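Coordinate inspection notes
Each chain, written out:
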Amino acid sequence: MTHVEEELSSQPECWIRAADEAATHEAALPAAGERVAIVGCGTSFFMAQAAAVLREESGQGETDAFAASEFPAGRSYDRVVALTRSGTTTEVLDLLGRLRGHTRTTAVTADPHTPVMKCADDVVVLDFADERSVVQTRFATTALTLLRAHLGLHGETVVADARTALGTPLPEGLVDCSQFTFLGRGWTVGLANEAGLKMREASLAWTEAYPAMEYRHGPISITTHGTATWMLGEAPEGLAEQVRETGGLWVGGGLDPLAELVRAQRLAVAVAAARGLDPDRPRHLTRSVILGP
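Summarised in this report is the structure supplied together with it.

Quick look at the overall build of the chain now. Looking only at helices and strands, the chain has 10 helices and nine strands in total. Its C-alpha radius of gyration of 18 Å places the chain within 12% of the 19 Å reference for a compact globule of 293 residues. In terms of its C-alpha atoms, the chain occupies a principal-axis envelope of roughly 55 × 40 × 40 Å. When the 293 residues of the chain are sorted by exposure, 57% land in the buried category. The long-range share in the chain, meaning contacts at least 24 apart out of those at least 6 apart in sequence, stands at 71%. Each charge class in the chain can be summarised by its mean position, and for the 25 positive and 38 negative side chains these summaries are 4 Å apart.

Okay, structure coming up:
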């Protein structure tokens, strides 16, 4: 079993622990009414996208998401939350340094022995969800689970669905597809972006991701026999039928969207295996991007 397989299989247990511990981190996480930005790089940026929509839609306050390198200078926030598994990512550390002294910051990390511990005003350590793999799975979803629980949006069905996602075979013919498109709506757009990234990282697959209503505005033109379109969350009316009419494989998201992401992670590993690739050694990637001066 690869590191990625072992780690993604442990997600239900990680989610339970994160949800149980959410209350102990309340002071470090955004309070209702605060104007908040959530930042990250790569996978963490896509989790930030999902968390920002969840928080704003739940009525907790205006919430934006940015890649750490694209944080808008001069914009005012009550708190900036940085998601960083390694605690060493250059863009995140640089941003936290610039914000120190005038914007409250929180870092959610997996490693308590890294520079981020001194760069943020508040720190939440999810070391039980740390990973040996380069490709992120359980830390990202555990960090999002923590934020969902903080918002009161985590329930037992999420964990049950994750176990279903781990124990149910992938749709027939899916691994053999030549192209994969992931779709989301609202908070699941971030999950769709992350599903596409997992496929590219682990299996070098041709993948794309879009808001579901945007799919008809051009991207559907590439859908045909041998391609797959996967919906994370509730699909717009009529879209499944349109995809089937193209000859493409439609994968409906019947589970909690975060559990659907677990299924997509499994697909990435399965496609890698079918192509003779090692998902623990993704091409040109390292666990953390650390830039020189």
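Let us now look at the nonpolar core. Counting residues in each nonpolar core, the largest one holds 59 residues, and the members touching the most others are Val108, Leu144, Phe180, Phe182 and Leu191. At eight residues, the largest contribution of residues to this core is made by helix α10 (residues 257–274). If sequence neighbours within four positions are ignored, valine 108 has contacts with Val81, Ala82, Leu83, Thr84, Val124, Leu126, Phe139, Ala143 and Leu146. In terms of nonpolar packing, the next biggest core, distinct from the first, is built from 17 residues, Ala68, Leu93, Cys119 and Ala120 among them.

This part takes up the sheet that holds strand β7 (residues 206–211). The strand order β7-β6-β8-β9 describes an open sheet built from four strands, whose pairing is parallel. Here the strands that pair on one side only, and so sit at the sheet edges, are β7 and β9 (249–251). Strand after strand, the sheet turns through a mean of 20° between neighbouring axes, direction not considered. Packed on one face of the sheet, helix α8 (residues 188–203) meets β6 (179–184), β7 and β8 (227–232) and runs near 160° to β6. The strands touched by α10 within the sheet are β6, β8 and β9, with β8 carrying the most contacts at an inclination of about 155°.

A few words on the side chain of arginine 263. Turning to its location among the elements, arginine 263 is positioned in helix α10. When residues no more than four places from it in sequence are discounted, the contact partners of arginine 263 are Ala165, Leu170, Pro171, Trp230, Val251, Gly252 and Leu255.

Moving on, we get to the pairing of β6. The element β6 is extensively covered by neighbouring structure, given that six of its six residues are classed as buried. Residues Gln179, Thr181 and Leu183 of β6 are buried on one face, and the alternating residues Phe180, Phe182 and Gly184, pointing to the opposite face, are buried as well. Note: β6 against β7, six bridges, orientation parallel. Opposite phenylalanine 182, over in β7, you have alanine 209 as the bridge partner. Tracing the backbone out of β6, into α8 and back to the parallel element β7 gives a crossover that is right-handed.

Bringing the pairing of strand β1 (residues 36–40) into the picture now. Of all the five residues making up β1, five are buried; the element is thus mostly covered by neighbouring parts of the structure. Side chains Val36, Ile38 and Gly40 of β1 all project onto a buried face; the interleaved residues Ala37 and Val39 project onto the opposite face, where all are buried too. The pairing of β1 with strand β2 (residues 63–67) spans five bridges and is classified as parallel. Opposite valine 39, over in β2, you have phenylalanine 66 as the bridge partner. With four bridges joining them, β1 and strand β3 (residues 79–84) adopt parallel strand pairing. Looking across to β3, one finds that isoleucine 38 is bridged to valine 81.

This part takes up the packing of aromatic side chains. Summed over all chains, the structure comprises five aromatic pairs. Measuring from ring centre to ring centre gives 5.8 Å for phenylalanine 182 and tryptophan 230, while their planes differ by 35°; the resulting arrangement is tilted. Pair noted here: phenylalanine 182 is in strand β6 and tryptophan 230 is in strand β8, with a separation of 48 residues, a long-range link. Of the two residues, phenylalanine 182 and tryptophan 230, neither departs from the other in class, the shared state being buried.

As a further point, take the packing of helix α2 (residues 11–21) against helix α6 (residues 138–150). Closest axis-to-axis distance for the α2/α6 pair is 8 Å, and the angle between their directions is 35°. Judged by the twist between their axes, the crossing of α2 over α6 is right-handed. On α6, the residues touching Gln11, Cys14, Trp15, Ala18 and Ala19 of α2 are Arg138, Thr141, Thr142, Thr145, Leu146 and Ala149. Grouping the constituent residues of the contact of α2 with α6 by class yields six nonpolar, four polar and one charged.

Cut-offs used in this document
- Residues numbered from 1 in each chain as written.
- Predicted model: local features only at pLDDT ≥ 70, side-chain atom pairs only at ≥ 80, totals over all residues.
- Heavy atoms only, no water.
- Helix = DSSP H or I, 4+ residues; strand = E, 2+ residues; numbered from the N terminus.
- Rg over C-alpha atoms; globule rule 2.2 N^0.38 Å.
- Buried < 20%, exposed > 50% of the residue type's maximum accessible area, 1.4 Å probe, protein only.
- Contact = heavy atoms within 4.5 Å.
- Lys, Arg positive; Asp, Glu negative; His and termini not counted.
- Charge placed at Lys NZ, Arg CZ, Asp CG, Glu CD.
- Core = buried A, V, L, I, M, F, W, Y, C linked by side-chain atoms within 4.5 Å.
- Pairing = 2+ DSSP bridges.
- Axes fitted to C-alpha atoms, helices over the stretch in contact; angles between N-to-C directions.
- Right-handed = clockwise from strand over helix to strand, strands pointing away.
- Phe/Tyr/Trp six-rings, centres within 6.5 Å; stacked < 30°, edge-to-face > 60°.
- Left-handed = near helix turned anticlockwise from the far one by under 90°.
- Nonpolar A, V, L, I, M, F, W, Y, C, P; charged D, E, K, R; others polar.

None of this, on its own, says anything about what the molecule does.
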